[in-house]
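# Residue-level structural notes
Each chain is listed here by its residues.
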Amino acid sequence: MGTFGTPRRVLVRGEGPYVWDADGRRYLDLLGGIAVNALGHAHPTLTAAISAQLGTLGHISNFFASPTQIVLAERLLELAGAGDVPGSRVFFTSSGTEANEAAFKMARRTGRPRVLALEGAFHGRTMGALALTHKEAYRAPFEPLPGGVEFVPFGDAQALAEAMADDVAAVVLEVVQGEAGVRPLPPGYLAHARRLCDEHGALLVLDEVQTGVGRTGAWFAHQHPTLGGGVRPDVMTLAKGLGGGFPIGAVVAYGERAASLLGAGQHGTTFGGNPVAAAAALATLGVIDRDRLLDHVRTVSDRLVDALRDVGSPVREVRAAGLLVAVELDAPVAAQVAARALDAGFIVNPVTPTALRLAPPLVVTAGQLAGFVDFLRGEATARPAAPGPQGAAADETTETS
Ligand SMILES: *Cc1c(COP(=O)(O)O)cnc(C)c1O
């Protein structure tokens, strides 16, 4: 179906941060399958883990347990800092939107009617997750959506305080809004949300589908010293980078209260967390750990941001959370620049009319990124004098999840 418009290229092969198209042309993949390919393409450890698991036990149902799934759940709880919170549990899914569906159902099980989300939020495309997604153009064609969701202005601590009450089931936040163009929550906001949730007995749900699993240079963005400051959620959702390219998502519930909201028979999935998906996630987490990729992400991100800020026109501003980066341009020409970047051998994503999003494999090097910075420098003279389409028209040229 035409949901993604016309594909820009047919890609046939990948290796590390590079992919090749059907005509044999090579591209530096600065989108990473939308923040998914943490280890790049065709990583030997990931390939071996998936192959070995598929050759041993590929799929069972969730009526049965598998060692890989159990080990993965324990590893996620440990990394999330939930290992020492008694009663913590994990539910596995096959995607981010499904992880948020589960979180939404957990919120409903509190018996409270209201759920607060932020303006600019993106939480997925299935009906529940869509109800939590702010963008009118995504939601309007599919109404009526599940009710009770209210959007409060992004980053406005006062507005959140005013909306909070004892009938709020959950506050759902992205630590950094990815689809809105890499917008981190303002300093202190997350701690403020945590306090309000505690005061009113609401769940703090963090959607780390895009920001989790090393993307920001911390295992999870809420653990990042400046982005999240270590504020602990009650529920965290993951997907994208978790399986290094193999589809898997997860809902991490901290403590007995959150973890017991969904009882036997109240939720399910056929594929979620099957042995192959779990093996892929374990291998991905293992390589991030073994190769010290969190340190690497921070180093490479700092160098990239410095280089981008040095470009001048057409770069107006750079926002970065590790290797989740937005390059804000000085005109609404993101779609045109992305098209020229593709011709020049760089895959980037025009996430808003004025911003390019970069979410490269975590293994990308500063040297590999330098070529893209040079390309942008060349854009100062290459771009057309007249700005591209404005407003709604320009918006249709953006590419989001
Ligand atoms: C991509 C994304 C989702 C949806 O994930 P899918 O795997 O595409 O369903 C949800 N939340 C956030 C923050 C995302 O970036």
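For the structure itself, consult the block above.
Residues numbered from 1 in each chain as written. Predicted model: local features only at pLDDT ≥ 70, side-chain atom pairs only at ≥ 80, totals over all residues. Heavy atoms only, no water.

## Focus: the overall build of the protein
Just so we agree on the cut-off: A helix here means a DSSP run of H or I that spans at least four residues, while a strand means a run of E at least two residues long, and both kinds are numbered starting from the N terminus. In this description the radius of gyration comes from C-alpha coordinates, and the expected globular size is given by 2.2 Å times residues to the power 0.38. For every residue, the accessible area obtained with a 1.4 Å probe (protein chains only) is divided by the maximum for its type, and the residue is called buried under 20%, exposed over 50%, and partly exposed between those limits. Every residue pair with non-hydrogen atoms within 4.5 Å of one another is taken to be in contact. Two residue types count as positive, namely Lys and Arg, and two as negative, namely Asp and Glu; His and chain ends fall outside the count. Charged side chains are reduced to one point each, which is NZ for Lys, CZ for Arg, CG for Asp and CD for Glu.
For the protein, the helix and strand inventory stands at 14 helices and 17 strands. Computed over C-alpha atoms, the radius of gyration of the protein comes to 21 Å, within 12% of the 21 Å expected from 2.2 N^0.38 for 401 residues, which places it in the range of a compact globule. Taking the principal axes of the C-alpha coordinates as reference, the protein spans close to 60 × 55 × 40 Å. The burial tally for the protein puts 55% of its 401 residues in the buried class. A sequence separation of at least 24 residues applies to 72% of the contacts in the protein between residues at least 6 apart. Separation between the mean location of the 33 positive side-chain charges and that of the 40 negative ones in the protein comes to 2 Å.

## A word on the side chain of Glu179
As a reminder, the rule being used: Polar contact is defined as a pair of N or O atoms within 3.5 Å, subject to the rule that within protein one atom must be able to donate a hydrogen and the other to accept it, and that residues adjacent in sequence are counted only when both atoms are side-chain atoms.
Among the secondary structure elements, Glu179 is positioned in the loop between β8 (176-177) and β9 (183-184). Looking at Glu179, its side chain comes within polar contact range of the side chain of Arg357, at 2.7 Å.

## Overview of the pattern of salt bridges
To keep things clear, this is the line we draw: Every case where a carboxyl oxygen of Asp or Glu lies within 4 Å of a side-chain nitrogen of Lys or Arg is listed as a salt bridge.
The full count for this structure, using the stated rule, is 20 salt bridges. Arg13 is the salt-bridge partner of Glu15, the closest N and O atoms lying 3.9 Å from each other. We classify Glu15 as partly exposed; its relative accessible area is 48%. Taking the shortest distance from any N to any O, the salt bridge between Glu328 and Arg319 comes out at 2.8 Å. For the pair formed by Glu328 and Arg319, the shared burial category is buried.

## Some points on the environment of Thr284
Looking at where Thr284 falls in the secondary structure, it is placed in helix α10 (residues 275-290). Residue classification places Thr284 among the buried positions, given a relative accessible area of 0%. Distance from Thr284 to Leu39, taken between C-alpha atoms, is 7.1 Å for residues 245 residues apart in sequence. Excluding residues that lie within four positions of it along the chain, Thr284 makes contacts with Ala38, Leu39, Leu46, Gly241, Leu242, Gly243 and Gly244. There is a polar contact of 3.4 Å between the side chain of Thr284 and the backbone nitrogen of Gly244. Here the side chain of Thr284 touches Ala280 through a polar contact of 2.8 Å, landing on its backbone oxygen.

## Here we look at the layout of surface pockets
Using the following cut-off: We place a 1 Å grid over just the protein atoms. Points where a 1.4 Å probe fits but has no way out form a cavity, open points with protein on both sides within 12 Å along at least 5 of 7 lines form a pocket, and any residue with an atom within 4 Å of a point lines it. Grid points are joined across faces, edges and corners, and a volume is the space filled by probe spheres set on the points. Under the convention adopted here, Pro, Cys and the residues Ala, Val, Leu, Ile, Met, Phe, Trp and Tyr are nonpolar, Asp, Glu, Lys and Arg are charged, and Gly plus all remaining residues are polar.
The computed volume of the second largest pocket comes to approximately 780 Å³. As for the second largest pocket, its lining consists of 29 residues, and the residues nearest its centre are Gln69, Arg89, Val90, Phe91 and Phe92. Those elements that place two or more of their residues in the lining of the second largest pocket are α3 (67-79), β4 (89-93), α4 (96-108), β12 (249-253) and α9 (255-259). Within the lining of the second largest pocket, the residues separate by chemical class into 16 nonpolar, ten polar and three charged.

## Points about α3
Spelled out, the test is: Given a helix with a known number of residues, its expected span is that number minus one, times 1.5 Å.
Taking 1.5 Å per residue, 13 residues should reach 18 Å; α3 reaches 18 Å between its end C-alpha atoms and fits that length. The complete set of buried residues in α3 reads Thr68, Gln69, Leu72, Ala73, Arg75, Leu76, Leu77 and Leu79.

## Here's the deal with the side chain of Asn37
Its place among the elements puts Asn37 in the loop between α1 (32-35) and α2 (44-54). Among the residues examined, Asn37 registers a relative accessible area of 12% and is labelled buried.

## Thoughts on the sheet that holds strand β14 (residues 324-329)
Selection rule: By definition, two strands form a pair when at least two bridges between them are found by DSSP. Think of each axis as a best-fit line through the C-alpha atoms, taken over the contacting stretch in the case of a helix, with angles from 0 to 180 degrees between the N-to-C directions.
Strands sit in the order β13-β14-β17-β16 across an open sheet of four strands; the sheet is antiparallel. A strand with exactly one partner marks an edge of an open sheet, and here the two such strands are β13 (315-321) and β16 (349-352). Strand-to-strand twist in this sheet, taken as the mean axis angle between neighbours without regard to direction, amounts to 30°.

## Considering the packing of α2 against α10
Spelled out, the test is: Any angle that falls under 35 degrees is termed roughly parallel, while one over 145 is termed roughly antiparallel, one within 65 to 115 roughly perpendicular, and all others oblique. Throughout, a crossing is termed right-handed when the near helix is turned clockwise from the far one, and left-handed when it is turned anticlockwise from it by less than a right angle.
Running from N to C, α2 and α10 point in directions that differ by 155°, and their axes come no closer than 9 Å. For the element pair α2 / α10, the angle class is roughly antiparallel. Pair α2 / α10 crosses with right-handed handedness. Seen from α2, the contacting residues are Thr45, Leu46, Ala49, Ile50, Gln53 and Leu54; seen from α10, they are Pro275, Val276, Ala279, Ala280, Ala283, Thr284, Val287 and Arg290. When its residues are assigned to classes, the contact of α2 with α10 shows ten nonpolar, three polar and one charged.

## Notes on the site of the ligand
Note the threshold: We call a residue near a molecule or strand whenever a single non-hydrogen atom of that residue lies within 4 Å of it. Residue exposure ignores everything except the shown protein chains as possible cover, and the areas themselves are Shrake-Rupley values with a 1.4 Å probe.
The immediate surroundings of the ligand are formed by 13 residues, with Gly96, Thr97, Asp207, Gln210 and Lys240 found nearest. A distance of 2.7 Å separates an oxygen atom of the ligand from a polar atom in the side chain of Gln210. Between an oxygen atom of the ligand and a side-chain N or O atom of Lys240, the distance comes to 2.6 Å. Contact with the protein chains hides 84% of the accessible area of the ligand, taken as 380 Å² for the molecule alone. With three residues, α4 is the largest single contributor of residues to the shell around the ligand. Residue composition of the shell around the ligand, by class: two nonpolar, eight polar and three charged.

## Quick look at the sheet that holds strand β10 (residues 203-207)
Ordered by their spatial adjacency, seven strands build an open sheet running β4-β12-β11-β10-β7-β5-β6, and the pairing between neighbours is mixed. Two strands in the sheet have a free side with no partner beyond their single neighbour: β4 and β6 (149-152). Strand-to-strand, the axes of this sheet are offset by a mean angle of 20°, without reference to chain direction. As defined by bridge partners, strand β5 (residues 114-118) adjoins strand β7 (residues 168-173) across three bridges and the pair is classed as parallel. Note on β7: the bridge partner recorded for Arg114 is Val168. The sheet contacts of helix α8 (residues 189-200) involve β5, β6, β7 and β10, and relative to β10 the element is tilted by about 145°.

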